[in-house]
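# Summary of structural features
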Amino acid sequence: MAARPPQDDPAEPDAITFGIAALDGRLAEADLTYPTDAATVVETLGDPEIPYDPAGQSIPLSTALDEAGPTQFEDENRLLDALHPVFEERRQSASTGLLARLRALF
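Keep in mind that what you see is a predicted model, and the values were worked out from it rather than measured. (Residues numbered from 1 in each chain as written. Predicted model: local features only at pLDDT ≥ 70, side-chain atom pairs only at ≥ 80, totals over all residues. Heavy atoms only, no water.)

## Considerations on unusual backbone geometry
Where we set the bar: Put simply, DSSP H or I for four residues or longer makes a helix, DSSP E for two residues or longer makes a strand, and each gets a number counted from the N terminus. Using a 1.4 Å probe on the protein chains alone, a residue whose accessible area is under 20% of its type maximum counts as buried, one over 50% counts as exposed, and one in between counts as partly exposed.
Cis peptide bonds are those with omega within 30 degrees of zero, and the linkage from Tyr-34 to Pro-35 qualifies with 0°. Within the secondary structure layout, Pro-35 lies in the loop between α1 (20–29) and β3 (36–37). Residue Asp-47 is not a glycine yet carries a positive backbone phi of 50°. Exposure remark for Asp-47: the relative accessible area of 29% places this residue in the partly exposed category.

Spelled out as structure tokens, the structure:
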């Protein structure tokens, strides 16, 4: 998922990536072969913090993989499919409060 930031500063990126889109970018740069397991994914990527909402809240990849359930992945699509509900749940939980909504606006 991605959200467009305000266009005030030309030095800012064109889009803020979070969730699967943020992870997909890291996977594209990694030397990861499939099939693989959760431990190898974390070791290869270095357990990065993956933002799960436009406000920049994030979760360590290892935590997301623990919450996802499956530990073996035949290909990148299965890895992303397993993690999508984790990021979506976090995003929805974070956006329910008034303060979170106000943060998302800025």
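## Some details on the nonpolar core
Note the threshold: To form a nonpolar core, buried Ala, Val, Leu, Ile, Met, Phe, Trp, Tyr and Cys residues must be joined to one another through side-chain atoms within 4.5 Å. Throughout, a residue-residue contact means that at least one pair of heavy atoms, one from each residue, lies within 4.5 Å.
Within the largest apolar cluster, 24 residues are counted, with the highest numbers of intra-cluster contacts made by Leu-23, Leu-61, Leu-65, Leu-83 and Phe-87. For this core, the elements supplying multiple residues, two or more each, are α1, α2 (38–45), α3 (61–68) and α4 (76–94). With 7 residues, the single largest contributor to this core is α4. The contact partners of Leu-83, leaving out residues within four places of it in the chain, are Ile-20, Leu-23, Leu-61, Ala-64, Leu-65 and Ala-68.

## Notes on α2
Definition in use: Arc definition: it is the arc formed by the directions from the helix axis to the C-beta atoms. Within 3.5 Å is the distance limit for a polar contact, defined as a pair of N or O atoms, with the added protein rule that one can donate a hydrogen and the other accept it, and that residues adjacent in sequence qualify only through two side-chain atoms.
Buried within α2 are the following residues: Ala-38, Val-41, Val-42 and Leu-45. Summarising the axial view, the buried residues of α2 lie within an arc of 95°, below the 170-degree limit, and thus occupy one face. Across from the buried face of α2, at angles greater than 90 degrees, the exposed residues are Ala-39 and Glu-43. Where α2 is buried, its residues touch α1, β3, α3, β6 (72–73) and α4. At the N-terminal end of α2, a side-chain oxygen is found 3.3 Å from the backbone nitrogen of Ala-39, two or three residues along, and the residue is Asp-37. At the C-terminal side of α2, Gly-46 shows a positive phi close to 80°.

## What about α1?
Taken as a whole, α1 has its buried residues at Ile-20, Ala-22, Leu-23 and Leu-27. For α1, the angular spread of buried residues about the axis comes to 160°, placing them on one side. Of the exposed residues in α1, the ones pointing more than 90 degrees away from its buried face are Ala-28 and Glu-29. Turning to α1, the residues buried within the fold contact β2 (16–17), α2, β4 (49–51), α3 and α4.

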